[in-house]
Each structure stands twice: as structure tokens, then as C-alpha cells.
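Chains, contacts and geometry: an overview
Residue strings, one per chain:
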Amino acid sequence: MMTNKWIIFAIYLVIILILVSFITYAGTIYGPAPTPVVYRTYVITMNLTDSRPTAQFLSSIINEYPLTYREDSLITNTTPVWVATANREFTLYIVNASETTIQQEVMLNSTALTNDTGGITWTLKVPLYLIYPQPVYANWYVIITEDVNGAEYVVFAFETGNESLTQVLNGLSTVGGYLIALNGEPYHLWNYYYGYNPVTGGIGEYYEVGLPGLSLFTMWVGQGINASSWPSSGFQEVLQVLSYSFNEYVNSSLITHLTLSPNATIGETTNYGYTVYQRPRLVPLGP
């Protein structure tokens with residue numbers, strides 16, 4: 001005959017077995033699932049140009065610095081604004097430059113190709129928790145790089161003041177938008193630039209985003225536009241010692257070296273820019 005002591009022991013044993021079975025079942029069927037990351041998409045569209053002076057700057061120096069004005073106008077009036085940016089690959093980066101308010105590193109990036117006139121569209125997938133319900137604040141690096149033969153060259157780099165990621169994204173996504181500089185002043189991305197219009201054969205004004213890391217220059221070495229109208233006495237001696245060299249370095253290693261010999265043209269030496277920029281038939285630099 002089972003005593004009360006054994007009855008109580010049996011009841012406890014049954015309860016323990018039920019609890020163990022329940023925990024095992026619950027852990028197997030109803031275990032916690034990872035929370036999916038929700039994204040918001042930002043579309044950033046820009047017209048890209050090189051580091052040529054803005055139309056406003058050219059207007060401001062026409063009287064005080066007429067020679068500089070003429071030199072700058074020579075380039076802007078003979079080259080389209082997209083001469084250095086058409087059909088190229090650019091990558092946009094947004095990286096925190098200071099500690100974020102969520103104490104987490106942030107890096108967003110997107111790569112795209114420009115069209116025939118330097119227009120580009122980047123698509124950024126931004127984790128929603130970075131902008132909602134409270135946007136992340138920090139100083140931000142906004143960087144644009146260009147791919148040239150597999151190497152990324154920085155053509156735009158800017159550090160903002162302390163602002164939200166939402167502000168940065170909205171400034172980049174808006175035509176005419178701006179970023180907040182370290183001194184608190186707005187840095188306007190979009191400006192008006194002059195450039196040659198190959199369709200009309202004249203000069204046009206374009207609304208573009210300038211890339212400080214892309215430079216375009218024209219150089220002429222000789223007696224004059226029409227050499228026959230200039231006296232040649234003594235000039236041949238000058239040409240014998242005059243030379244032009246172009247060196248390009250990446251990580252302290254020389255990757256390009258070009259030398260302009262006497263009585264040659266930069267256009268001939270560089271195949272009108274192709275040797276340097278890998279862009280076919282830039283505007284000829286003249287004899």
C-alpha cells in the first residue's frame with residue numbers, strides 16, 4: 001500500500017516532468033525570432049561638373065582681374081560642363097565623422113554611372129532606426145570618389161557640422177540643397193557654371209554640383225595663335241630648354257609620368273587627354 005510520502009513524491013515528479021516538457025516545447029516552437037531591418041530609400045540625383053569657377057565668381061573678377069577672367073573663360077567657353085564627368089563611375093559615401101548619438105558607426109554608400117551629360121542617380125537604402133523615431137546626430141563625412149582603372153580617387157570631400165542624418169540626406173536629395181559646415185554656415189552644393197554647348201555651338205549656363213578633385217586646364221606653348229605673325233628671333237633657344245612634365249602618384253607610388261618635348265603639343269603627347277584621363281578625344285589643346 002502506497003504511503004502518503006510516496007504519493008507526494010509521485011505528484012512532484014509528475015509536475016517536474018510536465019514543466020520540463022513544456023519548457024522544451026516552448027523553446028523549440030516559440031523561441032525568439034530576429035527582428036527584420038526596415039529600410040527607407042533615398043534617391044539622390046545630381047548633375048556633376050569639374051572644379052571650374054562658378055558663373056558668379058567669373059562675374060565678380062571681370063573688372064579687377066581681367067587676365068584671370070580671360071584665362072578661366074577660355075576653358076569654360078570651350079569645354080562642356082560634363083567633359084570630365086560624362087560616362088564615369090562615381091561612389092557616394094556618408095560616414096560619421098564623430099561619435100553618433102546611438103554610439104554606433106554609420107556608413108552608407110552607393111555606386112552609379114553618369115550619363116552622357118554628367119547626370120547621376122544614387123540610391124541609398126537607409127536603416128529606418130537611423131532616422132526614425134529619433135534621427136541620429138553626428139558630424140558627417142560626405143565623400144564622392146571616381147573609379148579610374150580600378151582605383152578610387154576622392155573628387156569631393158566635406159565634413160559637416162553637427163546635424164542629423166535626416167538633414168544630410170534631405171540636403172543631398174534636394175536640387176539646390178546644401179550641407180551645414182563646421183562653422184554653422186550652409187555649404188551650397190549646386191551652382192551655376194558656364195560651358196560649351198555642342199548642340200548650339202555657343203556658351204550655356206548650367207546648374208551643377210562641382211567636384212573640387214577634378215581639374216581641367218589648357219596650356220599653350222608657342223609664339224602666338226598664329227606663329228607666322230610673330231618674330232622668331234631668339235625663340236628657338238627658349239624652346240630648347242622649355243619642358244612640361246606631369247606626374248601622378250597613388251599611395252606615394254608614381255603611376256603616370258608624361259613629358260612634353262620642345263616643339264610638341266600636349267595634345268599629341270597625351271592623345272588629347274586620353275593618356276591622362278582615359279577619356280577619348282578631349283577638346284584639343286591647340287598647336
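Look a little higher up for the structure.
A brief report on the enclosed structure follows. (Residues numbered from 1 in each chain as written. Predicted model: local features only at pLDDT ≥ 70, side-chain atom pairs only at ≥ 80, totals over all residues. Heavy atoms only, no water.)

1. Details of the sheet that holds strand S7 (residues 151-159)
Convention followed: At least two bridges found by DSSP between two strands are what make those strands a pair. Secondary structure elements follow DSSP: runs of H or I no shorter than four residues count as helices, runs of E no shorter than two count as strands, and numbering proceeds from the N terminus. Only the stretch in contact is used when fitting a helix axis, every axis being a line fitted to C-alpha atoms; angles between N-to-C directions are given from 0 to 180 degrees.
Taken together, the four strands give an open sheet; going across it, the order is S3-S2-S6-S7, and neighbouring strands pair in antiparallel fashion. Only two strands of the sheet have a single partner each, and these edge strands are strand S3 (107-113) and S7. Pairs of neighbouring strands in the sheet enclose a mean axial angle of 20°, with direction left out of account. Bridge count between strand S6 (residues 140-148) and S7: eight bridges; the pairing is antiparallel. Opposite threonine 145, over in S7, you have valine 154 as the bridge partner.

2. Considerations on a nonpolar patch on the surface
The line we're drawing: Here a patch means residues that are over 30% exposed by relative accessible area and free of salt bridges, tied together within 9 Å if like-charged and within 5 Å if nonpolar (Val, Leu, Ile, Met, Phe, Trp, Tyr). Note on areas: these come from Shrake-Rupley sampling with a 1.4 Å probe, and a residue is covered only by the protein chains present in the view. For salt bridges, the criterion is a side-chain nitrogen of Lys or Arg within 4 Å of an Asp or Glu carboxyl oxygen.
The grouping of Val37, Tyr39, Ile102 and Tyr129 at the surface amounts to a nonpolar patch, some 370 Å² of accessible area in total. Within the element layout of this structure, valine 37 appears in the loop between helix H1 (4-29) and strand S1 (39-49).

3. Some points on the pattern of salt bridges
What counts here: Note on classification: 1.4 Å probe, protein chains only; a residue is buried when its accessible area is under 20% of the maximum for its type, exposed when over 50%, partly exposed between these limits.
This structure, assessed with the given rule, holds two salt bridges. Across the salt bridge formed by arginine 88 and glutamate 146, the nearest N and O atoms sit 2.9 Å from each other. Of this pair, arginine 88 sits in the loop between helix H3 (66-76) and strand S2 (89-96) while glutamate 146 sits in strand S6, and the two are 58 residues apart along the sequence. Accessibility classification places arginine 88 together with glutamate 146 in one group, the buried group.

4. As for the packing of aromatic side chains
Cut-off, in case you're wondering: For Phe, Tyr and Trp, rings pair up if their centres lie within 6.5 Å, where Trp contributes its six-membered ring, and each pair is then called stacked (planes under 30 degrees apart), edge-to-face (over 60) or tilted (otherwise). Lysine NZ or arginine CZ positioned within 6 Å of the ring centre and within 35 degrees of the ring normal marks a charge as sitting over the ring.
Applying the stated rule across the entire model yields five aromatic pairs. Among the aromatic residues, ring-to-ring pairing joins Phe156, Phe158 and Tyr187 into one connected group. Geometry around tyrosine 39 places lysine 125 over its ring, the cationic atom sitting 4.7 Å from the centre.

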